[in-house]
Amino acid sequence: MSTMAPRPAQPTSIPVFRRILVYGSVLAAGIAVVGAVVGGLAAGAEGVVSALIGTLLSVVFMGITAGSILVANRFAGTAAAIGAFFGIVMGGWLVKFVVFLVLMVLLKDQPWIQPVVLFLSIIAGVVGSLLVDVFVLMKSRMTYASDIALPTAAHDD
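In this report, we go over the structure that sits alongside the text. (Residues numbered from 1 in each chain as written. Predicted model: local features only at pLDDT ≥ 70, side-chain atom pairs only at ≥ 80, totals over all residues. Heavy atoms only, no water.)

### Description of the layout of surface pockets
Then, number 1: The computed volume of the largest pocket comes to approximately 440 Å³.
Then, number 2: In terms of lining residues, the largest pocket is bounded by 19 residues, among which Phe-61, Met-62, Thr-65, Lys-96 and Ser-129 are the most central.
Then, number 3: Element by element, the count of residues in the lining of the largest pocket is highest for helix α1 (residues 14-72), at eight residues.
Then, number 4: Across the lining of the largest pocket, the residue classes tally to 13 nonpolar, four polar and two charged. (1 Å grid on protein atoms, 1.4 Å probe; cavity = no way out; pocket = protein on both sides within 12 Å on 5 of 7 lines; lining within 4 Å. Points joined across faces, edges and corners; volume = space filled by probe spheres on them. Helix = DSSP H or I, 4+ residues; strand = E, 2+ residues; numbered from the N terminus. Nonpolar A, V, L, I, M, F, W, Y, C, P; charged D, E, K, R; others polar.)

Spelled out as structure tokens, the structure:
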């Protein structure tokens, strides 16, 4: 018979990151529509394609960040929690960095890309995702020191 300690409840940050993913998706849809219209007016079909690619890059990178934290939270309460958390989150960051560099090298000289529209849609996605993070965290009503078990008070008899 093995005695396993019960796993603690899920970290309180999980609903926050889920909300970030939902709001970020809604924001990305808005950026895609506005970017496609403005890109289409400014640069034709190349502008539409560039705006959609830039928005897609922003969504994927935002999703990797929030998703890696949600995956890493599955290790909460285990012996490997700290190492697993930072390994997964830093691994996600490295994946984003490498994928971004590779995509920029591959896309830079493509005739069907309008670089200014691509750049502006990526910037809109990055700034928008930061604003979503701030908005969701401000509205989360999460304490600064969550998931902390306080020691029981010692009684002086």
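Moving on from the model shown.
### What about empty space enclosed by the protein?
The probe, sized like a water molecule, is rolled over the atoms to show the empty space still left.
Then, number 1: Following the criterion strictly, the structure yields one cavity of 30 Å³ or more and no others.
Then, number 2: By volume, the largest cavity is sized at about 60 Å³.
Then, number 3: Surrounding the largest cavity, Gly-24, Leu-27, Ala-28, Ile-31, Thr-55, Ser-58, Val-59, Met-62, Gly-125 and Ser-129 form its lining.
Then, number 4: Elements represented by at least two residues in the lining of the largest cavity include exactly α1 and α3 (115-139).
Then, number 5: Per element, the largest residue contribution to the lining of the largest cavity is eight residues, and it comes from α1.
Then, number 6: Across the lining of the largest cavity, the residue classes break down as five nonpolar, five polar and no charged.

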